[in-house]
Number of protein chains: 2
Amino acid sequence: MATMQDIADKMGISKSTVSKALNGASDISEALQKQVLETAVEMGYTKTRRQKSTGKKVCVFIENMEYKEPHQFGYEILLGFRQMAEPAGYQVDIIPADTKLQKDARYDAFMLRQGYAGAFVVGFSLQDPWMEDFQTSRTPTVLYDNYIKANPSTAYVGADNYEGMEMAVAYLKELGHRRIGYLSTALGSYIMQVRHKAFFQALRQNSLHAESTCAATSFYLGQLLEKHLPRLLDMGMTAILCSHDQIASAALLQCGQLGRRIPEDLSIIGFDDLPFCAYTSPPLTTIRQDRIQIGKSGFYALDSLMNQVSIGTLLLHSSLIKRSSTGPAPGGDSARKNR
Amino acid sequence: MATMQDIADKMGISKSTVSKALNGASDISEALQKQVLETAVEMGYTKTRRQKSTGKKVCVFIENMEYKEPHQFGYEILLGFRQMAEPAGYQVDIIPADTKLQKDARYDAFMLRQGYAGAFVVGFSLQDPWMEDFQTSRTPTVLYDNYIKANPSTAYVGADNYEGMEMAVAYLKELGHRRIGYLSTALGSYIMQVRHKAFFQALRQNSLHAESTCAATSFYLGQLLEKHLPRLLDMGMTAILCSHDQIASAALLQCGQLGRRIPEDLSIIGFDDLPFCAYTSPPLTTIRQDRIQIGKSGFYALDSLMNQVSIGTLLLHSSLIKRSSTGPAPGGDSARKNR
């Protein structure tokens, strides 16, 4: 990895000028600062190399996710991260990373200029500009629910969606269900693609009917409820898995309007276990991601990257929270016979 | 989780008797000690609950793997683990875990009796007796290259074999290879099954011919060399991936005897990057597992389980070490055209 001396040699300037430029000293012109910064990034120089045990700084970039109130999805993720990072002596800055911020500076340059040793990236979609930077970035970076292949400076942290789906499908099978459908939001994020694959893999592992028409995806909740849900019911599905609790909870309401009783006529399972799941009517069975643990693991992974232990993937165990939106398949006799 | 008081209540004895029994006090009969231990295990009582910051003990169970000399596969794994565990205040015991030891006691009971807060399990095959115990055990346990589904007390640590295979196949494709074969030891361990799947997935991801005859597996090295290697060559393979460096290195020799030049006629890639790979003739291109990092990650994962952060899977980035056993596919013109 490059040192300040390497940068100085390459640019034909003194090491102290490089140091001043990287630290934003006022006696170095803005143009030279920019040039030093770009050379530093190009040569793979990162803040970690010159880090002392005091004044260590990391940040959390967050997008497409609410996090300020305790009932919001991101709140506990950030809390868990800080519960690990702050006692370890890190200052943690939370930075909303809108498209403008990402377009204003390349990722490594931003991190170097701001003096961050590493980042935890939460809520990014595949379209976010920095997702391409992460392919080759050198700053230790942990992404929640996003996987960057073959870059030793990045790690993917999340719940094990395959395990979660498999638990949910196995549980439905145990209850006698044989025809299971899936409602998902659009597959524009890495994790939605994973859940979609995991659903079909779980069907196959449980020797259940798994043709592509079993699943429906749409960006619009209205379409899922008004077009796809009735279609799945017409196909004879006795259980529906959903990619998010919000979809599952809306499906509960919609089924009421369609005159289907939950769980007598239809079982519904959500994903994430948001706080409201305990209070839907009936309370929602769901696949749990422990968000405090996700935040903590985010720091575990970041700490390991910052210590040159090149973690690529860190998945937490999922768990299935059984509530009242699931029950025996209608016509349960055949179910019992099959067990 | 159960406390000593819970155990005492269940057995109708005093808490101090439970404590003495669990600590092997000489004034408690062996029969009662055994009974208390069994009840404790059944109730999910584990050592972590009563751990002080001093005298913390973890262990490494190792089997089917040499580890005493620096050039042996297990050496650096144990070293990496101890490099993290010992500064964190843990005593680390290395325990060869033969079948007898595993049959003598259930896993949780062994751990409780010996006072270990957790274990790192290295080299176990699917046939090892404790593999079944791990399905339901309560002691924090990290397994190298073995995955236990849906037990929040266990985690799987290893290199990302999918990423490694994909890098190797993509590299061969870049060199113009279109017909790639695979030689593997028998699929009696979890990780051999993963590598086998990863090989086919990598072929498909690179849009290469991927029928089942492209791969050969055998428990016997002789069979791989004398039967399967010639068969793959007859099929027109211009590159061979191997599940282990030892197989790759033997294949290098065998190809010499068959009059095939490496890499002019055939490219060969190993797996693991054992120290000897730099010294084969020609030096072996291989997929690297950094064993020091595996050991360190083993402790990262164990530490997180011991802190109730339920890591399930932790995979390290693989890397491809390019040496001289790989080169452009013979008849490279077509290769260049296809790029």
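A quick note: this is a predicted structure, and the numbers were derived from the prediction, not measured. (Residues numbered from 1 in each chain as written. Chains lettered and ligands numbered in written order. Predicted model: local features only at pLDDT ≥ 70, side-chain atom pairs only at ≥ 80, totals over all residues. Heavy atoms only, no water.)

Participant: Tell me about the state of the cysteines, and name the residues and values.
Facilitator: Residue and element names in this part refer to chain A. Applying the stated rule across the entire model yields 0 disulfides over all chains. Between cysteine 277, a free cysteine, and cysteine 242, which holds the nearest cysteine sulfur, the sulfur-to-sulfur gap is 11 Å. Exposure remark for cysteine 277: the relative accessible area of 0% places this residue in the buried category. (Disulfide = S-S within 2.5 Å. Buried < 20%, exposed > 50% of the residue type's maximum accessible area, 1.4 Å probe, protein only.)

Participant: An account of the interface of chain B and chain A is needed here, citing residue identities and associated values.
Facilitator: Every contact between the two is made by 28 residues of chain B and, on the other side, 28 residues of chain A. Summed over both sides, the interface between chain B and chain A buries roughly 2200 Å², with carbon and sulfur atoms accounting for 55% of that surface. It is Tyr300, Val309 and His317 of chain B in chain B that bury the most area against chain A; as a group they hold 31% of the surface buried on that side. Counting every contact that joins chain B to chain A gives 2 salt bridges. Its salt-bridge partner being glutamate 166 of chain A, residue lysine 149 of chain B comes within 2.9 Å of it at the nearest N-O pair. Counting every contact that joins chain B to chain A gives 26 residue pairs in polar contact (both at pLDDT 80 or more). (Contact = heavy atoms within 4.5 Å. Buried area = accessible area lost by both parts, 1.4 Å probe. Salt bridge = Lys/Arg side-chain N within 4 Å of Asp/Glu carboxyl O. Polar contact = N/O pair within 3.5 Å; in protein donor to acceptor, adjacent residues only side chain to side chain.)

Participant: So what's going on with unusual backbone geometry? Which residues, and what values?
Facilitator: Residue and element names in this part refer to chain A. Serine 281 connects to proline 282 through a cis peptide bond whose omega is -10 degrees. For proline 282, the location among the structural elements is in the loop between β9 (267-272) and β10 (285-288). Positive phi outside glycine occurs at asparagine 64, with the angle close to 55 degrees. As for its position among the elements, asparagine 64 is in the loop between β1 (56-62) and α4 (73-85). Here asparagine 64 falls in the exposed class, since its relative accessible area comes to 58%. With a phi angle near 60 degrees, aspartate 145 is a residue other than glycine that sits in the positive phi range. With a relative accessible area of 9%, aspartate 145 lands in the buried category. (Helix = DSSP H or I, 4+ residues; strand = E, 2+ residues; numbered from the N terminus.)

Participant: How would you explain the relation of the copies chain B and chain A if you had to name every residue and give the values?
Facilitator: Its rotation angle being 180 degrees, the transformation that places chain B on chain A also includes 0.0 Å of axial translation and leaves an RMSD of 0.0 Å. The two molecules are tied by a two-fold rotation axis, judged by turn and shift. The C-alpha atom lying nearest the rotation axis in chain B is that of leucine 314 of chain B; the distance is 2.2 Å. A shared interface surface links the copies, since 100% of the contact residues of chain B are contact residues in chain A too. (Least-squares fit on C-alpha atoms with pLDDT ≥ 70 in both.)

Participant: Please set out the pattern of salt bridges residue by residue, giving values where relevant.
Facilitator: Residues and elements named next belong to chain A. All chains considered together, the criterion is met by 24 salt bridges over all chains. A salt bridge links lysine 20 to aspartate 27; the nearest nitrogen and oxygen atoms lie 2.9 Å apart. A salt bridge links aspartate 133 to arginine 106, with the nearest nitrogen and oxygen atoms 3.4 Å apart. Separated by 27 residues along the polypeptide, aspartate 133 in helix α7 (residues 130-133) and arginine 106 in the loop between α5 (99-104) and α6 (107-114) bring together distant segments of the chain. A relative accessible area of 10% means that aspartate 133 is categorised as buried. By relative accessible area, arginine 106 is classed as exposed at 54%.

Participant: Go over the nonpolar core, please, and point to the residues and values.
Facilitator: Within the largest apolar cluster, 60 residues are counted, with the highest numbers of intra-cluster contacts made by Phe81 of chain A together with Phe81 of chain B. In this structure phenylalanine 81 of chain B touches Val58, Val60, Val92, Phe120, Gly295, Lys296, Gly298, Phe299 and Leu302 of chain B, once residues within four positions along its chain are discounted. Residues Phe200, Leu203, Cys255 and Ile268 of chain B belong to the second largest nonpolar core, which totals 44 residues. (Core = buried A, V, L, I, M, F, W, Y, C linked by side-chain atoms within 4.5 Å.)

Participant: Provide a residue-level description of helix α3 (residues 30-42) of chain A, including the pertinent values.
Facilitator: Residue and element names in this part refer to chain A. If you check α3, its first and last C-alpha atoms are 18 Å apart, about what 13 residues at 1.5 Å a residue would give, namely 18 Å. Those residues of α3 not exposed but buried are Val36, Leu37, Thr39 and Ala40. For α3, the buried positions fall inside an angular range of 165 degrees around the axis, keeping them on one side. Among the exposed residues of α3, those oriented more than 90 degrees off its buried face are Glu30, Ala31, Lys34 and Glu42. On its buried face, α3 sits against α1 (4-11), α2 (15-22) and α6. (Expected span 1.5 Å × (residues − 1). Arc of directions from axis to C-beta.)

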